[in-house]
Amino acid sequence: MKKIITIVFLAASFITSAQTIVPDSTFGTNGKKTYTFFNNIDRSFGSVAQLDNKIVIVGLSRNTANTNFELCFARFYPSGIIDSTFGTNGKTSVSIGPQQYIGGMTPKIKIDNQGRFVAVNSGTGPGGTDDIFMCRLDSAGNIDNTFNNTGSIFIDMTGADIWPDIVNAFDFDASGNIYAVGATRNGGTPLNNDFAVVKVMSNGQLDPSFDLDGKKLFDPTGSAEFGRGLRVQPDGKIVIGGTAGGKMFVFRIDSTGNYDTSFNLTGKVTLTAVGSSSDMFDLTLDDLNRIVVGGVTSTYAAIVRLNANGSYDTTFATTGRKQVLIGGTASTLSCLKIDSLNSIVFVGSNTVTAQGINFYVARLTQAGVMDNTFNLNGYYSLPIGSGGVDEIGRAHV
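Counting from 1, residues in each chain are numbered in the order their sequence is written. At least 70 in pLDDT is required for a residue's local features to be given in this predicted model, at least 80 for side-chain atom pairs to be given and counted, and no such filter applies to totals for whole chains, interfaces and linings, which use all residues. Based on all heavy atoms of the structure, the side-chain values leave hydrogens and waters out of the count.

**Student:** Where do I start with the sheet that holds strand 7 (residues 108-111) in this structure?
**Tutor:** Sheet strands pair by backbone hydrogen bonding; their relative direction is either parallel or antiparallel. Pairing between strands requires that DSSP locate at least two bridges from one strand to the other. In this description a helix means any DSSP run of H or I spanning at least four residues, a strand means any run of E spanning at least two, and both kinds are numbered starting from the N terminus. With antiparallel pairing, four strands are arranged side by side in an open sheet as 7-8-9-10. Strand pairing shows two members of the sheet lacking a second neighbour, strand 7 and strand 10 (152-155), which therefore form its edges. Between one strand axis and the next, the sheet turns through 20 degrees on average, direction left out of account. Here the axes come from fitting lines to C-alpha atoms, over the contacting stretch only for helices, and the angles between their N-to-C directions go from 0 to 180 degrees.

What follows is the structure in structure tokens.
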């Protein structure tokens, strides 16, 4: 079944005075834009805005010529019109090997300090198993062959081409090195995974200063672990988050891959009292180096803020933890960002009927209270398509 890529822009998403939020009519059609790559199971998951307000998206689409899924990029003007100067007629596709399925894949994209586009996803590597995949395009949207000589790299975490690897998040340090996190099956039961972390130099090759070979598995809880968020602090330390044993989990390492014991004494912390179970989907830092994580617990969108030392920040929602029902209905959280006031902007989906799920964008104040200057109630919810369930990936906010 074919699916179309939908891009949504909302007006005034960062305006701090009381204002009603409406779709931005200057973008696409009523604030929405649909676009196809190969016109065969097209899905968009990541986006980034350039300084000139052009929008670059990344997604997955099945190439009708070879039936393989490929990593696909496109660039749009602020009006939603395709930018034909990017790649070939506004779009670029990159092979991720003979990939025949995309279940669980959510590619991410960022711009490095030279204006190049880096993206991560899983891909079928040379050994035939799912590997961590990373590629780079130049500022014009062309494959950058100065990155690992080919523009891309496949990383098999164990080196045995036996266990599958996935990647979910990445960030840059001040030198342009790329850290990425995901998960690797460790040979146990189907859900017994380890956190998988890699460090790739700006030339596209693994950095041997990181655990000797540029990659490392972490098994801090001995249970199912999935890495889903990563940020590099200004001091070069790397904060990583995800889910471990059915709970949100955060740890911090140094640039060589060792735990930073100045963080919660052990370098790691399980986030308790966030529902009986919780699942993390994003992590970021605010201007004070406080760690903000977002995910779901039961039917709630859940947000937690930690101090830089790993303790709960009790200036946020009294306990450092916040659960939200958007519109009073079951809600998920897929992405969060911090604005210039250290308010927390987050997006996800909320259930409006038994068959209908809306996209939403919401904002919490720095104190962890729904920001009623944002659309008068702190959130805006809308359907992307008509009559069906809307699939929510990620958003640039």
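**Student:** I'm lost on the nonpolar core in this one. Help?
**Tutor:** Core analysis: the biggest nonpolar cluster contains 20 residues, and L60, L71, F73, V94, I109, F117 and C135 have the highest contact counts within it. Looking at this core, the elements with two or more residues in it are strand 3 (43-49), strand 4 (55-62), strand 5 (69-76), strand 8 (117-124) and strand 9 (130-137). Throughout, nonpolar core names a set of buried Ala, Val, Leu, Ile, Met, Phe, Trp, Tyr and Cys residues whose side chains join them through atoms within 4.5 Å. Each residue is assigned to one of three classes by its accessible area relative to the maximum for its type, calculated with a 1.4 Å probe on protein chains only: buried under 20%, partly exposed between the two thresholds, exposed over 50%. Counting residues in each nonpolar core, the second largest holds 16 residues, with M134, I155, V167 and F172 among its members.

**Student:** Mind showing me how you'd approach the pattern of salt bridges here?
**Tutor:** Should the charged atoms of two oppositely charged side chains come close, the side chains can pair. One speaks of a salt bridge when a side-chain nitrogen belonging to Lys or Arg is within 4 Å of a carboxyl oxygen belonging to Asp or Glu. For the coordinates displayed, the defined rule picks out 14 salt bridges. Where D144 meets R136, a salt bridge forms, and the shortest distance between an N and an O atom there is 2.8 Å. Note on R136: relative accessible area 2%, which makes it buried. A single network of salt bridges, built from pairs that share partners, joins D112, R116, R136 and D144.

**Student:** What am I meant to see in unusual backbone geometry here?
**Tutor:** Trans peptide bonds make up the majority, and among non-glycine residues the majority have a negative phi. The backbone phi angle of N264 is positive, close to 55 degrees, even though this residue is not glycine. Mapped onto the secondary structure, N264 falls in the loop between strand 17 (247-253) and strand 18 (268-271). Residue N264 is classed as partly exposed on the basis of its relative accessible area of 31%. A positive phi is found at L265, a non-glycine position, where the angle reads about 70 degrees. Within the secondary structure, L265 sits in the loop between strand 17 and strand 18.

**Student:** Whenever I open this one, the pairing of strand 20 (residues 291-297) confuses me. Can you help?
**Tutor:** On a regular strand, each side chain points to the face opposite its neighbour's, so the side chains alternate between the two faces of the sheet. Judged by how many residues are buried, strand 20 sits mostly within the fold: seven of seven residues are covered. Side chains of strand 20 alternate between two faces, with I291, V293, G295 and T297 and V292, G294 and V296 buried alike. Direction of pairing for strand 19 (residues 279-285) relative to strand 20: antiparallel, over a ladder of six bridges. In the strand pairing of strand 20, T284 is matched with V292.

**Student:** How should I be thinking about the environment of S340 in this particular structure?
**Tutor:** Here S340 shows up in the loop between strand 23 (335-338) and strand 24 (344-351). Put simply, S340 and D286 are 54 residues apart on the chain and 9.1 Å apart in space, counted from C-alpha to C-alpha.

**Student:** Please explain the sheet that holds strand 22 (residues 321-324) as it appears in this structure.
**Tutor:** Pairing in this open sheet of four strands is antiparallel, and the strands run 19-20-21-22 from one edge to the other. If you trace the sheet from one side to the other, it starts and ends with strand 19 and strand 22, each paired once. Here the strands of the sheet are splayed against their neighbours by 20 degrees on average, with no regard to which way each runs.

**Student:** I'm lost on the packing of aromatic side chains in this one. Help?
**Tutor:** For any two aromatic rings, the description comes down to two numbers: the centre-to-centre distance and the angle of the planes. Any two of the Phe, Tyr and Trp rings considered here, Trp counted by its six-membered ring, make a pair once their centres fall within 6.5 Å; the pair's planes then place it as stacked at under 30 degrees, edge-to-face at over 60, or tilted in between. Applying the stated criterion to the full structure yields 13 aromatic pairs. Here Y179 and F210 contribute two aromatic rings whose centre-to-centre distance is 6.1 Å and whose plane-to-plane angle is 75 degrees, an arrangement assigned as edge-to-face. Pair noted here: Y179 is in strand 12 (residues 178-185) and F210 is in the loop between strand 13 (193-200) and strand 14 (215-218), with a separation of 31 residues, a long-range link. Note on F210: relative accessible area 0%, which makes it buried.

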